[in-house]
Amino acid sequence: MGTRRDYTLYFFAAMGSFLVVYIALPLIVILAKQASDFEMLLRALHDAYVIEALRNSLLTATATALIALFFGVPLGYVLARKDFPGKSLVQALVDVPIVIPHSVVGIMLLVAFSSAILDSYTGIIAAMLFVSAPFAINAARDGFLAVDEGLEHVARTLGASRLRAFFSVALPMAFPAIASGVIMTWARAISEVGAILIVAYYPKTAQVLVMEYFNNYGLRASRPISVILIVMSLTVFVILRWLVGRKANA
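Remember, it's a predicted structure, so these values are computed and weren't measured experimentally. (Residues numbered from 1 in each chain as written. Predicted model: local features only at pLDDT ≥ 70, side-chain atom pairs only at ≥ 80, totals over all residues. Heavy atoms only, no water.)

Participant: Honestly, the environment of Ala63 in this entry has me stumped. Any pointers?
Facilitator: Checked against the element boundaries, Ala63 lands in helix H3 (residues 48-81). Each C-alpha atom of the pair Ala63 and Leu129 lies 9.2 Å from the other, and the pair is 66 residues apart in sequence. (Helix = DSSP H or I, 4+ residues; strand = E, 2+ residues; numbered from the N terminus.)

Written as structure tokens, this is what we have:
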């Protein structure tokens, strides 16, 4: 009796392709439309105001990712390795920024920190960090959970301290997950706009500038900045993903 062909994967692929097309279509359309209006794109690329806003976005998103890495990896390690009273509460708090509307995040930060963050780079980073930190923490936690704790115990029986076992065993093995989390943190930070609009309208970031140009000058004026931001963000994202993939394979 012949083997029946299983079409399940083909069916699932056909269903899933809806989302792939849905995501790809707006990207293709906006790039194609901007290509037919190359003059506006060149004008934006020569606009010092736009370049400064793009630079602000890159610098603050990168600073945010580094801060999240510095504090998120230790927290992720503790959540992966230690049971303690209130652990479920801590894990819930880590995920809270994901469910809070971003305009509300901006208001919360202003109420909490007031003039200390208003219209400053500190305010931009504070807003970005609040909404993006969960990605770094959760990725680090999942990465350490995937590392057999027994390997660290072996290192410690051979004379290594817990800190040395962390750096020599756990951290290298969890690196791909941590790096992916940091990349997602950076991506989430550079895409944030709602909280930044409330906390730090100045200095201007590219995300806020797109909104300003759209409100003041319309779709055609805001589109070139959007395209530049899309291409810049996707380029950095793809390069970082490629580097992490190479490291993981190695």
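So, next bit.
Participant: Teacher, can you tell me more about the packing of aromatic side chains here?
Facilitator: Where two aromatic rings form a pair, the distance of their centres and the angle of their planes describe that pair. For the structure on display, the rule yields ten aromatic pairs. Geometrically, the ring pair formed by Tyr77 and Phe144 is edge-to-face, given 5.1 Å between the ring centres and 85 degrees between the ring planes. In this pair, Tyr77 sits in helix H3 while Phe144 sits in helix H6 (residues 121-145), placing the two residues 67 residues apart along the sequence. Relative to Phe166, the ring of Tyr77 has its centre 4.9 Å away and its plane inclined at 75 degrees; by these criteria the two rings are edge-to-face. Of the two residues, Tyr77 is situated in helix H3 and Phe166 in helix H8 (residues 162-191); the sequence distance between them amounts to 89 residues. In this structure Tyr77 comes out as buried when scored by relative accessible area, which is 10%. (Phe/Tyr/Trp six-rings, centres within 6.5 Å; stacked < 30°, edge-to-face > 60°. Buried < 20%, exposed > 50% of the residue type's maximum accessible area, 1.4 Å probe, protein only.)

Participant: Could you clarify how one ought to interpret the nonpolar core in this entry?
Facilitator: One broad rule of soluble globular proteins: the nonpolar side chains tend to lie buried together. Ranked by internal contacts, the top residues of the largest apolar core, which has 44 residues, are Leu54, Phe144 and Ile178. Contributing elements (two or more residues each) for this core: helix H2 (38-45), H3, helix H5 (102-113), H6, H8, helix H9 (194-199), helix H10 (206-217) and helix H11 (219-249). Leave out the neighbours within four places in its chain, and Phe144 touches Val73, Gly76, Tyr77, Ala80, Arg81, Phe166, Ala170, Leu171, Ala174 and Ile178. (Core = buried A, V, L, I, M, F, W, Y, C linked by side-chain atoms within 4.5 Å. Contact = heavy atoms within 4.5 Å.)

Participant: Teacher, can you tell me more about the UniProt feature "domain: ABC transmembrane type-1" (unreviewed entry) in the protein here?
Facilitator: Per the UniProt entry, the sites bearing "domain: ABC transmembrane type-1" (unreviewed entry) are residues 54-240 in this numbering. With 84% helix and 0% strand, residues 54-240 has end C-alpha atoms that lie 18 Å from one another. (UniProt positions renumbered as here; feature names shortened; annotations may be inferred.)

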